[in-house]
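What the coordinates show
Each chain is listed here by its residues.
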Amino acid sequence: MVTKEIPAFAFNDQSDLPLWVQLRDRMAFLISSGYYKPGEKLPTVRKYAADLHIAYNTVSKAYMGLERDGYVTTVRGSGVFVNDLGASHREDGHVDVLVEEFVRSCLEEGMTYDDIPKLVSKHIRKVKRAHEEK
């Protein structure tokens, strides 16, 4: 079984998130968005590590996180396979990943946890007003 090419991915060196978390989040996004399909075999840990020029253990930890979160299943001796999350979970998962990335970005910009909902509420009101004016 041939696996897909590993999409380009740039780690954020300025982030407080460890590399394995950034990789897990990116892979969760790729699964949620449908890049990797249910039943599809993911590239080996060694291939991911070599292609991204990162440590084997970093990729291994990301894969374990994906398995813990239900995105993949490891079949000993065969590889790591994408789980069928169901259409609604894929859509929700995609949005969840976007929201988590947004929250992390806000925190990295110096916002507090309390600031984030206020910012979101402000923009919801703005979008709602624009929609009502149409």
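Here, the structure is the one placed above.
Described in the following lines is the structure provided in the data block. Note that residues are indexed from 1 along each chain, following the sequence as it is written. Reporting of local features is limited, given that this is a predicted model, to residues whose pLDDT is at least 70; pairs of side-chain atoms are given and counted only at 80 or more, and all residues count toward the totals for whole chains, interfaces and linings. In computing side-chain properties, one takes all heavy atoms of the structure into account and sets aside hydrogens as well as water.

1. Focus on the packing of aromatic side chains
Geometry of an aromatic ring pair is reported as the spacing of the ring centres plus the angle between the planes. Put simply, the test is: Between rings of Phe, Tyr and Trp, where Trp is taken as its six-membered ring, a pair exists when centres lie within 6.5 Å; planes separated by under 30 degrees are stacked, by over 60 edge-to-face, and by other angles tilted.
Taken as a whole and judged by the stated rule, the model has three aromatic pairs. A ring pair is formed by Phe9 and Phe11, whose centres lie 4.7 Å apart and whose planes are at 75 degrees; its orientation type is edge-to-face.

2. With respect to the pairing of strand β2 (residues 79-82)
This is how it is decided: For two strands to count as paired, DSSP must find a minimum of two bridges between them. The helix count covers DSSP runs of H or I at least four residues long, the strand count covers runs of E at least two residues long, and both are numbered beginning at the N terminus.
Where strand β1 (residues 72-75) meets β2, four bridges bridge the pair, whose relative direction is antiparallel. Among the inter-strand pairings, Thr74 is bridged to a residue of β2, identified as Val80. Linking two consecutive strands that pair antiparallel, namely β1 and β2, is a turn of three residues; a positive phi of about 85 degrees is found at Gly77 within it.

3. Overview of the side chain of Arg24
Put simply, the rule is: Type-normalised accessible area, obtained with a 1.4 Å probe on protein chains alone, sets the label of each residue: buried when under 20%, exposed when over 50%, and partly exposed for intermediate values.
Within the element layout of this structure, Arg24 appears in helix α1 (residues 19-32). You can call Arg24 buried: its relative accessible area is 12%.

4. Re the packing of helix α2 (residues 45-52) against helix α3 (residues 56-68)
Keep this limit in mind: Interaxial angles span 0 to 180 degrees and are taken between N-to-C directions of axes, which are lines fitted to C-alpha atoms, for helices over the stretch in contact. Any angle that is under 35 degrees is reported as roughly parallel, and any over 145 degrees as roughly antiparallel; angles of 65 to 115 degrees are reported as roughly perpendicular and all others as oblique. Crossing handedness: left-handed means the near helix sits turned counterclockwise from the far one by under a right angle, and right-handed means the same turn made clockwise. Should any heavy atoms of two residues lie within 4.5 Å, those residues are counted as being in contact. Amino acids outside the nonpolar list (Ala, Val, Leu, Ile, Met, Phe, Trp, Tyr, Cys, Pro) and the charged list (Asp, Glu, Lys, Arg) are all regarded as polar, and Gly is one of them.
α3 packs onto α2 with a crossing angle of 125 degrees between their chain directions and a minimal axis gap of 8 Å. One element, α2, and the other, α3, form an angle in the oblique class. For α2 against α3, the interelement crossing comes out right-handed. Contacts from Val45, Arg46, Tyr48 and Ala49 of α2 reach α3 at Tyr56, Val59, Ser60 and Tyr63. Its residues placed into classes, the contact of α2 with α3 shows six nonpolar, one polar and one charged.

5. Description of the packing of α1 against α3
Interaxial distance between α1 and α3 falls to 8 Å at its minimum, and their mutual angle equals 50 degrees. In terms of axis orientation, α1 runs oblique to α3. Two packed elements cross with a definite hand, and for α1 against α3 that hand is right-handed. Residues Leu19, Trp20, Leu23, Arg24, Met27 and Ala28 of α1 form the contact with α3, whose participating residues are Thr58, Val59, Lys61, Ala62, Tyr63, Gly65, Leu66 and Arg68. Its residues assigned to classes, the contact of α1 with α3 shows nine nonpolar, two polar and three charged.

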